[in-house]
Each structure stands twice: as structure tokens, then as C-alpha cells.
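Summary of the model geometry
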Amino acid sequence: MGIDRPGKFDFIALKGDPIQASNFYGQDILSVSQFTRESLAYIFSVAEEMREMVQGMGATDLLRGYVLACLFYEPSTRTSSSFIAAMERLGGGVIPITQGVQYSSVSKGESLPDTIRTLEQYADAIVLRHPQVGAAKVAADYAHVPIINAGDGTGEHPTQALLDLFTIREELGKIDGLRVAMVGDLKYGRTVHSLTRLLSMYDVEIFLVSPEILRLPLDQANDLRDKGIRVRETYHVADVISTVDVLYVTRVQKERFADLSQYEEVRDFYEITPDLMKQAKERMIIMHPLPRVGEIHYAVDDDPRAAYFRQMRNGMYIRMALLAEVLGKARQ
């Protein structure tokens, strides 16, 4: 594999543009709204190539000489680890600020723009997780290198949505025609917000399953309906388990609640158990962005329909594909 590598700052005028197939070079990855079905199909094909490469060789020097900065203002295991693994398997280096920004100059009061401007002196791209909605866009406005949004508060998590959609396609062979149930924290769950937006590009039916206080925001539910998506809302997993192709389960996020008494009311609202799975179709999958805190029983892990660990592995392949494309067009 080679790399087409124009001048480092030639891409500045492209930042923020919608992403078309084969046009990822120099782009920020801030929102799923940047993607089209064609660009999704393209990045999925690159992810498949990355999977074959890892399984065959383990690593490549495709991005040798490039450096990725991982800047995480919130805790992360899978996203930070998969980005680091992705960059290292591509032969690049990593600046890992993933164990808490309290160990960086942020603890001294440094602003986000100044932190971004500092890291871009050393890195060719920056992965950012931040507790505030819109922080990734702010970072992109100040940066001269690509910014990849690894989660901005309750806003979006675009790379998670990409790996989720990729997993659905890989596991079930298609996306069009599927019935997908979103279960749990639909109000604060940024993974749900991003994935439902991607799914709205396809011919799917979406079931929203949550307690009343964690329903998907009305504007987002209405947006799905405006796009012609069939949407059904219910409080009970049992209402949909026998008909859905994808059961996408999320945890109730304690850190998003200002009133912890409300969290206690809904924390154990759902648990997917082997008995419940007896009602599910033989060919379907259970997904979860993880971590889980009781909403899927450990005994379900042995069910071949439990795809969440395979889903996690897919995250590395998707992020390898994004990094290779954003930092330089990979060519055979």
C-alpha cells in the first residue's frame, strides 16, 4: 500500500465540507451529517481492506511519519484504545492525552483553542472527546489539521455510528429493510443520536424503547419521521424483541443526570437476559456501544447473536480507514 501525500496544509480550504466518496483527504470528521450513502460505502470498503491487512500482516507502514494526538477530556476505554491501536497498526505515532486532561495544561486553565493550537504543532490530526456539545466544531474552527470528533457531550459520536452501521452490514449482510430497536438512554445517548441519523439514509424501521424521561428528543424523532422513516415508541423491550433485526442497547448514563434521584429511578429499567432472548428471531444481533452497567446479562455473551465484542473490534478497522483516508489517500 502506498500513500498520496500532497502538501500538508493544502487541505485547509476543504475543512467542513460534506464528504463525498474518495474525498476524505484533510476533512474534519465532526458529524454524521457530513456523510452520504456513497461515502459510507466507500469508507466501509476501506475498513474491509484494513481488516484483511490486520488479519494477514498485523500492521503496515502506511502512515509512517505521521502523528495522531488523542485529547480526551472525558474517560474512554474503547474509543481511545481503538484510535491508538489503529494509528499504530498503520505505522504512525500517537500523543496520548487519554488519562485525564488534569495532567495537561488544561489544569492550569488553558482554553480549548490554545490546547488545539499547541497539539497541532506536533500532530497531523487530533482526536477530541469533550463534555460540551459543539466542542469539536470549535476545535475545528481553530485547527489547521483535521479534527475527529470522539464524542461531544450529549451531541454526536460519529466514528461510533460508523462502526455501528458497519457492524450491522457485516453481521446481517444489508441495512435496507431492517428493523432496528434503540433501547435505553435515548435522550442523552450520543451514540443513538448519531446512529439514528445515519440509519435515516436507509429504508429501515426504527423502534425507540426507553423510559419516559429518557425518550429521544422530540425534534430528532420528528426529523426521522420527516425523512420518511417509520418510527414506533414503547417502554417495553418485550413489545419489539420478537420482530427486530437489531437490538441496540445503551446504558443509562449517570454522569448526565443533574438529579441523581431520577437516575436511580431508571438505572435498572432494562436487562436483556437469556430468557428474553428466547423470544428473539434466530437471525438478529444485539449491539451495545459499551460500557454496560447491568443492561445486558453476562450470560447473553455466549449467544451467537451477541455482536457487541465483534462491534468493538470493528471500531479499530473503521478508525484505521478514516485515519488513512483523512491523512493521505491509501492506494494499492
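The shown structure was predicted, so the numbers you read here are calculated from the model rather than taken from an experiment. (Residues numbered from 1 in each chain as written. Predicted model: local features only at pLDDT ≥ 70, side-chain atom pairs only at ≥ 80, totals over all residues. Heavy atoms only, no water.)

A word on the environment of Met 287
- Structurally, Met 287 can be placed in strand E10 (residues 285–287).
- Judged by its relative accessible area of 0%, Met 287 is buried.
- The contact partners of Met 287, leaving out residues within four places of it in the chain, are Asp 164, Thr 167, Ile 168, Val 246, Leu 247, Tyr 248, Val 249, Tyr 308 and Gln 311. (Helix = DSSP H or I, 4+ residues; strand = E, 2+ residues; numbered from the N terminus. Buried < 20%, exposed > 50% of the residue type's maximum accessible area, 1.4 Å probe, protein only. Contact = heavy atoms within 4.5 Å.)

Section: the sheet that holds E10
- Taken together, the five strands give an open sheet; going across it, the order is E8-E7-E6-E9-E10, and neighbouring strands pair in parallel fashion. Of all strands in the sheet, those with a lone pairing partner are strand E8 (230–234) and E10, marking the two edges. Averaged over all pairs of adjacent strands, the angle between strand axes in this sheet comes to 20°, irrespective of strand direction.
- Bridge count between strand E7 (residues 205–209) and E8: five bridges; the pairing is parallel. Its bridge partner being in E8, Val 209 is matched across the sheet by Thr 234. (Pairing = 2+ DSSP bridges. Axes fitted to C-alpha atoms, helices over the stretch in contact; angles between N-to-C directions.)

Let's talk about the sheet that holds strand E3 (residues 93–97)
- Ordered in space as E3-E2-E4-E5, the four strands form an open sheet in which the pairing is parallel. Where the open sheet ends on each side, the last strands, each with one partner, are E3 and strand E5 (147–152). Strand-to-strand twist in this sheet, taken as the mean axis angle between neighbours without regard to direction, amounts to 10°.
- In this structure, strand E2 (residues 67–72) lies alongside strand E4 (residues 125–130), joined through five bridges in parallel fashion. Note that in E4 the partner of Leu 71 across the bridge is Leu 128.

A few points about the pairing of strand E6 (residues 179–183)
- Most of E6 is tucked away: four of the five residues are buried.
- Alignment of E6 against E7, held across five bridges, turns out to be parallel. Bridge pairing links Val 180 to Ile 206 in E7.
- The handedness of the E6 to E7 crossover, carried by helix H6 (residues 190–199), is right-handed.
- Pairing of E6 with strand E9 (residues 246–249), which is carried by four bridges, proceeds in the parallel orientation. Each bridged residue has a counterpart across the sheet, and for Val 180 the counterpart in E9 is Val 246. (Right-handed = clockwise from strand over helix to strand, strands pointing away.)

Looking at the confidence of the model for the protein chain
- Predicted confidence across the protein chain gives a mean pLDDT of 87, with 86% of residues reaching 70 or more.
- Within the protein chain, E10 carries the highest mean pLDDT (98), whereas strand E1 (residues 2–4) carries the lowest (36). (pLDDT = per-residue confidence, 0-100.)

Brief notes about the nonpolar core
- Counting 69 residues, the largest nonpolar core has Met 50, Leu 165, Met 182, Leu 199, Met 320 and Leu 323 as the members making the most contacts within it.
- Examining the composition of this core, we find that ten residues originate from one element, helix H10 (residues 308–327), more than from any other.
- Leaving out residues up to four positions away in the same chain, Met 182 has contacts with Val 192, Leu 195, Thr 196, Leu 199, Ile 206, Phe 207, Leu 208, Val 209 and Tyr 248.
- Counting residues in each nonpolar core, the second largest holds 21 residues, with Val 183, Leu 247, Ile 286 and Tyr 308 among its members. (Core = buried A, V, L, I, M, F, W, Y, C linked by side-chain atoms within 4.5 Å.)

As for the side chain of Thr 250
- With respect to the element layout, Thr 250 can be found in the loop between E9 and helix H8 (260–266).
- Relative accessible area serves as the criterion here: at 6%, Thr 250 is assigned to the buried category.
- In terms of polar contacts, Thr 250 uses its side chain to reach the backbone amide nitrogen of Asp 185, at 3.0 Å.
- Residues contacting Thr 250, with those up to four places away along its chain left out, are Val 183, Gly 184, Asp 185, Thr 191, Val 192, His 288, Pro 289 and Glu 295. (Polar contact = N/O pair within 3.5 Å; in protein donor to acceptor, adjacent residues only side chain to side chain.)

Some thoughts on the packing of helix H1 (residues 37–56) against H10
- Where H1 meets H10, the closest approach of the two axes is 8 Å, and the angle between their N-to-C directions is 110°. It follows that H1 is roughly perpendicular to H10 by the angle criterion. Where H1 crosses over H10, the two elements pack in a sense that is right-handed. Contacts from Tyr 42, Ile 43, Phe 44, Val 46, Ala 47, Met 50, Arg 51, Met 53, Val 54 and Gln 55 of H1 reach H10 at Arg 313, Asn 314, Met 316, Tyr 317, Ile 318, Met 320, Ala 321, Leu 322, Ala 324 and Glu 325.
- A breakdown of the residues in the contact of H1 with H10 according to their chemical character gives 15 nonpolar, two polar and three charged. (Parallel < 35°, antiparallel > 145°, perpendicular 65-115°, else oblique. Left-handed = near helix turned anticlockwise from the far one by under 90°. Nonpolar A, V, L, I, M, F, W, Y, C, P; charged D, E, K, R; others polar.)

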